[in-house]
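Observations on chain architecture
Here is how the chains run, residue by residue.
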Amino acid sequence: MNYSICLDPTTVNNFNVANLSPNGFSIYTNLDFTTPLQTGITYDQLFLSPLGTCPYIIDLPQGVTQVIVIDNCNPNATFSNLFSFVIPNCCYAILNIPETPISICGQNGCNLSFDTFSTSTIGKIVAGTLSSTCGTVTDYTIGWYKDGDYSAPEFISGFGNAFLPYQYPHPLTGQQAVPCLGGNWEGIIHDIAIGGIAYSSIAGTANGIPIPFESCFDTVVVDFLTCANGSDPLEQYSHYIDFDSQAVGASPSPVSLTYVLGASTKYFAYYFNSYTVPDELEIKWISGNPSATSNPSLYSQPIYLEKLQLGPGQMVPLTGLPGGGNDNTFNGSYSNVNNIWPKTLSTSHISRVLSFTSLETSSNPSLPDRLEITVTPNTTNNNTKFAFRAKCLTAFDCSDCYFENWPNNLPKIKKITINKDYSPCSKGQNLKVLLSTGSCNPTATEWNKWMPHNPSYSYINSNASLIKTYNPSPNGLNYIPQTPIAYVYLSAITTCNEQLVYGGGTTCGPSSTGNITITKTPSQIKIQCTLTSDYDFFKNKLILLTPHLGFQGVNCDANTTYEGYFKYIQFRYPQQGSNINCGDNSIIKILNFHLNDYFNIQYNPNSKTITIPVTPMVNCYNPSVTTCDSCYAATSAVVATYNASINLSSNFTTTVGAKYYYPFAVRKVTKGTPLVYTSSYCTYPFKYSALYNHYEWYNSHTIPFISSSTSPTGWTNLPSLGAFIPCSHKTGSYPVTFRGSEGLSYSGHTSQIEVVFPHLSSSFNYAFGPGNSYSTNDFLLYSHLNLNVTGGLLNNNLHPLQPQTVCPTGSLIYSYLGGVATVYNPFYFLGGVAPTLNIDP
């Protein structure tokens, strides 16, 4: 049977490892004190940390009841029995072996088995829920060991709360299947409870009935991720890892994947989503054949290509991003990229394409280069999950017919439409243009295949994208659909809308070790805390609301103001297991109370209780005598939703102080009347009237770096190995370059159109005076090419859509005045001819 040996030197007075002989240790058993069972065992295999890496596993014959482990300081010594074994000058230990541990594994035991188990996988371990024929399995922990190294498990999985802690809960299936490095993996039971009886191996902590330190399950052969295997339900990528697992009694441990590259791989596209709780992604290049490179010393160590902390829940400033965050000196050169790693970004996901073109790659198929990809889940919040996608690329075609030879390949105007709304309360008109793609076929280009589009518009296809960019025009169609340039109101319409005033969000606040109980009845909300710090947190957050509340409209009567009485507060808290912190798997619970209730909140610091009264709303809005007023209907909807929410009852307790950083949000109803135009109207150039493209520098450039003990930050950049996807026409001649929230960005605007309505009236088609044919149909189009090209870095807020007083600012390309259409510049029109007009009568 297998037996594990771990010696503790702290139990021996004046123990000194320097006094051990160079001959190593020998092991004898009570079956034979003359011939050692094993010899030459080094001390670091037998002792506990920090002296060694035990356990040392030895296969003992049947019938062994005692084991003697002795330093071989006297190689000629033999022993006839145990009592003559004591040699004063030799270090030794006598270990009593319990009766042969019972086997609970196979047919002679308890037939332990998983309901789902995969012995051959790609990049993950799949093992379901454990069952037994000896009784119900209520709790267990399993250590997972790799490639025969039993010194310590790579991670521990488990079920139940009897044997805490463990990193990942069973079943290890679906989103809970644990990503891991390639190799041979064995699952060995540490502790298990079957039918109320606890069993423990030498690695367990429960001191249950002894069981062998051996695997009850088949070896799991985990294959590396490669450029040829894997699958992704979105099909754009080759590999898809969607991991959702909550540690129990411990922080989630990092998970690692090995991605073996092909000899022709030049680029690596990945997508990483940390959801709400920030997680860290690390990608290291491991050379397959360092001795064949020009710098074996460099290539013998991991070369990092990525170290990024991502998550909108970060309460820290952006750091390290080129041209963004605290890096305001970036000039576009790799040598000027700071060495702050990890980079941090307050967004939930990122898409990048890493370039290997500057690295010396292995041409030996038996010694392939590889990437080691590690995701470190949030170390302070065990309620976290992440998604990772990846794909090898042998080339990257950047051609894009819209941006090649700019601006000669601009989409051309084919059709212009004016739509009119004749309804009494929506009277207005809307000018649209239809832009032809001409000879451009963007769906056939690699650039448009991999580039994403603005989520509010259609995609070229249903696939995810490999570089984060924005491109709002659905280019896969033959024509870019008619796009509204400006809706012009010709009659007054009073409307009301509910909106957020302050607070809200799902950023997790500080956790604690205290209980927070939230009790809701139809008449009140009670927040009960066991810790003063939690009580003070909620009290201070409530006090911060005061400047955003106002005091108008406390009473509901005919003179009330809609922004006062219809103002209310949302209390938001995360709900999940009582011992699980706020995070990616939380359910957002929302409780409402009225503005009036805020001024009647009771704070009790002695009991650490906050009691919030809850009162209903009535709709006291006095509708306008005009027919064009939608506010009564809008306020009625708000009142009905609010009153339905306050009638609910609930009770929830968190034992870890789970809460949101902004637990309270103020909401109100706003009333507005759009401006009415009865003379002239013009707009800023509207970027969505034509093709627009934008992407971040960091998403397409690769900045290798290495770990460094001499650098103050711990990292040294390798600017000579910097590389990018081969899109110099994108990075060199885009019309606009600016700094956005995510650093230096490139932005291309093929064309932007400004519209002017010079003669507006509340009566459509009205002629201004005898013989004057001016009407509301009249309009002019102005084009802006190379807008805002300054050669420098611009702000992100380039193109607001609203009327302006200084108008127009571009070049006149078309007019429709008095029923006469005139083309001033055929360059902008399909075939160089006047576009088709479609104007409502």
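For the structure itself, consult the block above.
Here's what I pulled together on the structure shown here.

Parameters and conventions
- Residues numbered from 1 in each chain as written.
- Predicted model: local features only at pLDDT ≥ 70, side-chain atom pairs only at ≥ 80, totals over all residues.
- Heavy atoms only, no water.
- Buried < 20%, exposed > 50% of the residue type's maximum accessible area, 1.4 Å probe, protein only.
- Helix = DSSP H or I, 4+ residues; strand = E, 2+ residues; numbered from the N terminus.
- Pairing = 2+ DSSP bridges.
- Axes fitted to C-alpha atoms, helices over the stretch in contact; angles between N-to-C directions.
- Contact = heavy atoms within 4.5 Å.
- Patch = residues over 30% accessible without salt bridge, like charges linked within 9 Å, V, L, I, M, F, W, Y side chains within 5 Å.
- Areas by Shrake-Rupley, 256 points an atom, 1.4 Å probe, with all protein chains shown as cover.
- Salt bridge = Lys/Arg side-chain N within 4 Å of Asp/Glu carboxyl O.
- Polar contact = N/O pair within 3.5 Å; in protein donor to acceptor, adjacent residues only side chain to side chain.
- Expected span 1.5 Å × (residues − 1).
- Arc of directions from axis to C-beta.
- Core = buried A, V, L, I, M, F, W, Y, C linked by side-chain atoms within 4.5 Å.
- Phe/Tyr/Trp six-rings, centres within 6.5 Å; stacked < 30°, edge-to-face > 60°.
- Lys NZ or Arg CZ within 6 Å of the ring centre and 35° of its normal.

Turning our attention to the pairing of strand β2 (residues 25-29). By the criterion of burial, β2 is predominantly enclosed, with five of the five residues buried. Judged by which residues are buried, β2 turns out to be covered on both faces: F25, I27 and T29 on one side and S26 and Y28 on the other are all buried. Here β2 runs beside strand β5 (residues 66-71); their pairing, made up of five bridges, is antiparallel. Bridged to T29 within β5 is V67. As judged from the two bridges shared by β2 and strand β3 (residues 38-41), these two strands associate in the antiparallel manner. Bridging from a neighbouring strand, F25 pairs with I41 of β3.

A few words on the sheet that holds strand β39 (residues 609-613). The strands that make up a sheet are held in pairs by hydrogen bonds between backbone atoms, and each pair lies either parallel or antiparallel. If you walk across this open sheet you meet the five strands as β38-β39-β35-β34-β40, and the pairing is antiparallel. Edge positions in the open sheet fall to β38 (602-604) and β40 (650-654), since each of these has one partner strand only. The mean inter-strand angle of the sheet, taken between neighbouring strand axes irrespective of direction, is 10°. Two elements, strand β35 (residues 524-529) and β39, share five bridges in a ladder whose sense is antiparallel. Along β39, the bridge assignment pairs I527 with I610. Across the face of the sheet, helix α3 (residues 532-543) comes into contact with β34 (516-521), β35, β38 and β39 while running at roughly 35° to β39.

Our next topic: a nonpolar patch on the surface. A cluster of nonpolar side chains, namely I102, I197 and I209, defines an oily patch on the protein surface of about 230 Å² accessible area. Tracing the chain through its elements places I209 in strand β17 (residues 209-210). Taking relative accessible area as the criterion, I209 reaches 38% and is therefore assigned partly exposed.

With respect to the helices and strands, the residue E280 is situated in strand β23 (residues 279-286). Engagement of the side chain of E280 in a polar contact is seen with the side chain of K307, the distance being 2.9 Å. Leave out the neighbours within four places in its chain, and E280 touches K307, L308, Q309, P342, T374, V375 and T376.

The subject of this paragraph is helix α6 (residues 631-646). Over its 16 residues, α6 runs 23 Å from end to end, which matches the ideal 22 Å to within 8%, given 1.5 Å per residue. Residues of α6 that are buried include every one of C631, T635, V638, V639, Y642, N643, S645 and I646, and no others. Around the axis of α6, the buried residues are gathered within 155° of arc, so they sit on the same side. Within α6, the exposed residues directed more than 90 degrees away from the buried face are A633 and T641. Tucked into the core, α6 has its buried residues touching β33 (495-503), β34, β36 (568-575), β37 (587-594), α5 (595-598) and β41 (664-672).

Using the criterion set out here, one finds seven salt bridges in the structure. The closest approach of N and O atoms between D147 and K146, which form a salt bridge, is 2.7 Å. Accessibility expressed as a relative area gives 17% for K146, which makes it buried. E306 is paired through a salt bridge with R352; the nearest N and O atoms lie 2.7 Å apart. On the criterion of sequence distance, the pair formed by E306 in strand β24 (residues 303-310) and R352 in strand β26 (residues 349-355) is long-range, its members being 46 residues apart. Classification of E306 by relative accessible area gives buried; the value is 0%. If you follow the salt bridges from partner to partner, you end up with E280, E282 and K307 in one network.

In this structure, I192, F268, Y270 and L371 are the most contacted members of the largest nonpolar core, which totals 70 residues. With five residues, β24 is the largest single contributor of residues to this core. Discounting chain neighbours no more than four positions away, the residues touching L371 are L257, T258, Y259, L261, F268, I283, K284, W285, L305 and F356. In this structure, Y598, I612, Y621 and I646 belong to the second largest nonpolar core, which totals 38 residues.

Enumeration according to the criterion identifies 36 aromatic pairs in this entry. Each ring, one from Y43 and one from F47, has its centre 6.3 Å from the other, and the planes form 55°; the classification is tilted. Classification of Y43 by relative accessible area gives partly exposed; the value is 33%. Assessed through its relative accessible area of 3%, F47 is described here as buried. Ring geometry for W341 and F705: centres 3.8 Å apart, planes at 10°, overall stacked. Of this pair, W341 sits in the loop between β24 and β25 (343-345) while F705 sits in strand β45 (residues 705-707), and the two are 364 residues apart along the sequence. Assigned by exposure class, W341 and F705 land together as buried. Here a set of aromatic residues connected by ring pairs shows up, and it is made of W144, F155, Y168, W185, F243, F272 and F386. Cation over ring: K385 sits above Y275, and NZ or CZ is 4.8 Å from the ring centre.

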